[in-house]
Every structure is written in structure tokens, then in C-alpha cells.
Amino acid sequence: MASSPEFVRFVCEQLAGAGRIRCKRMFGEYGLWCDGVFFATIEDGMLCLKITDAGRALLPGAEIVEPHEGARFLYVAELDDRDFLATLVQRTCAALTASRRRGGKR
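With respect to the overall build of the chain
The helix and strand tally for the chain stands at 3 helices and 6 strands. If you list the helices and strands of the chain from N to C, you get α-β-β-β-β-α-β-β-α. Here the chain has a C-alpha radius of gyration of 13 Å; the compact-globule value for 106 residues is 13 Å, and the two agree. Dimensions of the chain along its principal axes, counting C-alpha atoms only, are 35 × 30 × 25 Å. Here the chain holds 106 residues, and the buried ones make up 42% of them. The long-range share in the chain, meaning contacts at least 24 apart out of those at least 6 apart in sequence, stands at 47%. Summed over its atoms, the accessible surface of the chain is roughly 6200 Å², and 50% of this surface lies on carbon and sulfur atoms.

Comments concerning the nonpolar core
Residues Leu32, Phe39 and Leu47 are the most contacted members of the largest nonpolar core, which totals 26 residues. Within the residue set of this core, elements represented by two or more residues are α1 (5-15), β2 (29-34), β3 (37-43), β4 (46-50), β6 (73-76) and α3 (82-102). Ranked by the residues each element gives to this core, the list is headed by α3, at 6 residues. With residues up to four places along the chain from it excluded, the contact list for Phe39 reads Leu15, Ile21, Leu32, Trp33, Cys34, Cys48, Leu49, Lys50, Val89, Thr92, Cys93 and Leu96. Counting 5 residues, the second-largest nonpolar core is a separate cluster that includes Cys48, Val65, Ala71 and Phe73.

Details of a negative patch on the surface
A surface patch of like charges, here negative, comprises Glu78, Asp80, Asp81 and Asp83. Structurally, Asp81 is set in the loop between β6 and α3.

A word on the sheet that holds β2
Ordered by their spatial adjacency, 6 strands build an open sheet running β1-β2-β3-β4-β6-β5, and the pairing between neighbours is antiparallel. Looking at which strands have only one partner, the edges of the open sheet turn out to be β1 (21-26) and β5 (64-65).

Reading the values: the criteria
- Residues numbered from 1 in each chain as written.
- Predicted model: local features only at pLDDT ≥ 70, side-chain atom pairs only at ≥ 80, totals over all residues.
- Heavy atoms only, no water.
- Helix = DSSP H or I, 4+ residues; strand = E, 2+ residues; numbered from the N terminus.
- Rg over C-alpha atoms; globule rule 2.2 N^0.38 Å.
- Buried < 20%, exposed > 50% of the residue type's maximum accessible area, 1.4 Å probe, protein only.
- Contact = heavy atoms within 4.5 Å.
- Areas by Shrake-Rupley, 256 points an atom, 1.4 Å probe, with all protein chains shown as cover.
- Core = buried A, V, L, I, M, F, W, Y, C linked by side-chain atoms within 4.5 Å.
- Patch = residues over 30% accessible without salt bridge, like charges linked within 9 Å, V, L, I, M, F, W, Y side chains within 5 Å.
- Salt bridge = Lys/Arg side-chain N within 4 Å of Asp/Glu carboxyl O.
- Lys, Arg positive; Asp, Glu negative; His and termini not counted.
- Charge placed at Lys NZ, Arg CZ, Asp CG, Glu CD.
- Pairing = 2+ DSSP bridges.

Interpretation note: all reported values are geometric properties and have no functional meaning in isolation.
So, in C-alpha cells, the structure goes:
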């Protein structure tokens, strides 16, 4: 089931405190970037965060979902706390950027 444009707008507004959020249609759903770093997708009405140690630390009980074949993401169920979401996105992006500099996947 595709994500509604209203849900996508809501998620982007909730994440705005993290930095410059860009949303792009991808494969019938949406990819999310913060300050140029790809960090999440919105698929099937879910915010799906790339898995990092930083994300796992902030979402210790988060379910790991496979929104499309071969992809594993952390499901971000709670979308109401903008400050928490900003911290979550910033730390995830920092971890992804550091991993890229080291040449690793995560």
C-alpha cells in the first residue's frame, strides 16, 4: 500500500528540525535525505530508518522491517516528538557519514 501524500508531508514536517530535509519519489514510494545524506524511506505508511548503532541506541526496541525485498530498516513508530526525531536523524546521518568516510557499510 503506497504512502499518502499527507503522511509524507507530515513526516517531513516532523523531521524539519534535523536539518534540510529533502523528499524524493523513488520506486513508487519516497526516499529521505537530510543535508544531503540519504537516511530513510517512507514506505507503506511507515518511516523506515537506515540501521546504525546510533539509531539502535535511541530506538532500542524498534522493530526491524523489510519494506521492500532485500531492505532492512528500523521502523520509527513514534512520530510526535520533533526534538527526539531531530536527534535521531542527526545521529543517524552522522553515523552514516562516518561509515562512508571509513569505507564501511554501517
